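Summary of the model geometry
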Amino acid sequence: MASMRDIKRRKESIQSTSQITKAMKLVSTVKLQKAKGRAEETKPYFEKMYRTVSGMLAKSGGTENPYVKAKDDNASKKKGVILITSNRGLAGGYNSNVVKLITQGEFGKENTIIFPVGRKGLETMQRQGYTCLGDFSEVMNNPLFGDAVSIGKTVTGALENGEIDEVYLAYTVFKNTVTQIPTLIKILPFSEEDFENGQGEETSEEKKGPVALMNYEPEEEETLGYIIPLYLNSLIFGALVEAVASENGARMQAMDSATSNAEEMIDTLGLQYNRARQAAITQELTEIVAGASAIS
């Protein structure tokens, strides 16, 4: 059995840790309330943006826009992934779950470029041997739409220069306080299958009937050249906002669990300390009685 001094030191250490986890939980709770409201306010806009742009392109017929290409499964494609994680740990499986979407998916190290948003994702992907382009870690402190525009320019520049052929977005969807869903979506270029899956709010009867082609003013290429980058920036910003809410929700859960575990350990150590103390008292009494018996 451990000595009373060792048990007391360990108990004091765990009590100190418990105070830290309680404080971190309170901080995450406050941040979560703000981030949750922001995510709920912005989500409808970005979902509408995706449905609208998908519907427009589905009705545009053949277009030569560089962001819209026919799907060719036989071609070897270079993939770019916007990976959104946090700058800090202590958030349970938040960071590792979204990283696994890449490392355990169909993203080989040779043909994948990572655009890391968040220090944890950057460090992990570099250790795994992936090529990382840029470092947008500071964005996670307080995401703004201008930050999404900066990331979007870097990604579209790589797409136009031929460094990548496809763009994916890996982030964590905020469902509620206790549920965050790691998500991987393809955002560029559009393909015919994407059109079919993103027709928006049309009913099944409308999809069965003839579809009128979209008319553009000004010209189609000029219009899409403006709308598609805006669409990309909007999706990135929406993912950033959701990721911040998800991070604080995951950290709040992790700190709550850590605090509960610490309290259980403190109770257990309290019992061990009392037993050790009782054993010491019993030992001292036994020695006194034995000494008195020997004298008499």
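Residues numbered from 1 in each chain as written. Predicted model: local features only at pLDDT ≥ 70, side-chain atom pairs only at ≥ 80, totals over all residues. Heavy atoms only, no water.

As a further point, take the nonpolar core. The nonpolar side chains of soluble globular proteins are, as a tendency, buried together. Judged by nonpolar contacts, the single largest core of 46 residues is most densely connected at Ile82, Ile84, Val117, Tyr231 and Leu240. Of all the elements in the fold, those that place two or more residues in this core are α1 (4–58), β1 (79–84), β2 (112–117), α4 (145–160), β4 (166–176), β5 (179–188) and α7 (220–295). Ranked by the residues each element gives to this core, the list is headed by α7, at 16 residues. In this structure Ile84 touches Tyr94, Val98, Val117, Met140, Leu169, Ala170, Tyr171, Ala239, Leu240 and Ala243, once residues within four positions along its chain are discounted. Core analysis: the next-biggest nonpolar cluster, separate from the first, contains 11 residues, Val81, Val98, Val99 and Met125 among them. (Core = buried A, V, L, I, M, F, W, Y, C linked by side-chain atoms within 4.5 Å. Buried < 20%, exposed > 50% of the residue type's maximum accessible area, 1.4 Å probe, protein only. Helix = DSSP H or I, 4+ residues; strand = E, 2+ residues; numbered from the N terminus. Contact = heavy atoms within 4.5 Å.)

Side chains bearing opposite charge may pair, as long as their charged atoms lie close to each other. Evaluated as defined, the whole model comprises 7 salt bridges. We note a salt bridge from Glu166 to Lys77, for which the minimum N-O separation is 3.1 Å. With Glu166 in strand β4 and Lys77 in the loop between α1 and β1, this pair connects stretches of sequence that are 89 residues apart. Judged on exposure class, the residue Glu166 and its partner Lys77 are both buried. Two residues, Arg119 and Glu138, come together in a salt bridge whose shortest N-O distance is 3.4 Å. With Arg119 in helix α3 (residues 119–128) and Glu138 in the loop between β3 (131–132) and α4, this residue pair connects regions lying 19 residues apart in the sequence. The partly exposed category is assigned to Arg119, whose relative accessible area is 32%. (Salt bridge = Lys/Arg side-chain N within 4 Å of Asp/Glu carboxyl O.)

Taking strand neighbours across the sheet as the criterion, the 5 strands line up as β3-β2-β1-β4-β5 in an open arrangement whose pairing is mixed. At either end of the open sheet lies a strand with only one pairing partner, and these are β3 and β5. As paired elements, β4 and β5 share 9 bridges and run antiparallel to each other. When the sheet's bridge partners are listed, Leu169 is paired in β5 with Ile185. (Pairing = 2+ DSSP bridges.)

In this section: the packing of α4 against α7. Where α4 contacts α7, the two axes come as close as 8 Å, and the packing angle between them is 125 degrees. Taken as axis vectors, α4 and α7 run oblique relative to one another. Crossing hand, α4 versus α7: right-handed. The segment α4 lies against α7, with Phe145, Ala148, Val149, Ile151, Gly152 and Thr156 engaging Leu230, Leu232, Asn233, Ser234, Ile236, Phe237 and Leu240. Counted by class, the contact of α4 with α7 contains 9 nonpolar, 4 polar and no charged residues. (Axes fitted to C-alpha atoms, helices over the stretch in contact; angles between N-to-C directions. Parallel < 35°, antiparallel > 145°, perpendicular 65-115°, else oblique. Left-handed = near helix turned anticlockwise from the far one by under 90°. Nonpolar A, V, L, I, M, F, W, Y, C, P; charged D, E, K, R; others polar.)

Take the pairing of β4 next. In terms of burial, β4 is a largely internal element, 9 of the 11 residues being buried. For β1 and β4, the ladder comprises 5 bridges, and the chain directions are parallel. Each residue of the ladder has a partner; that of Ile82, found in β4, is Leu169.

Limitation: the analysis is restricted to geometry and does not speak to function.
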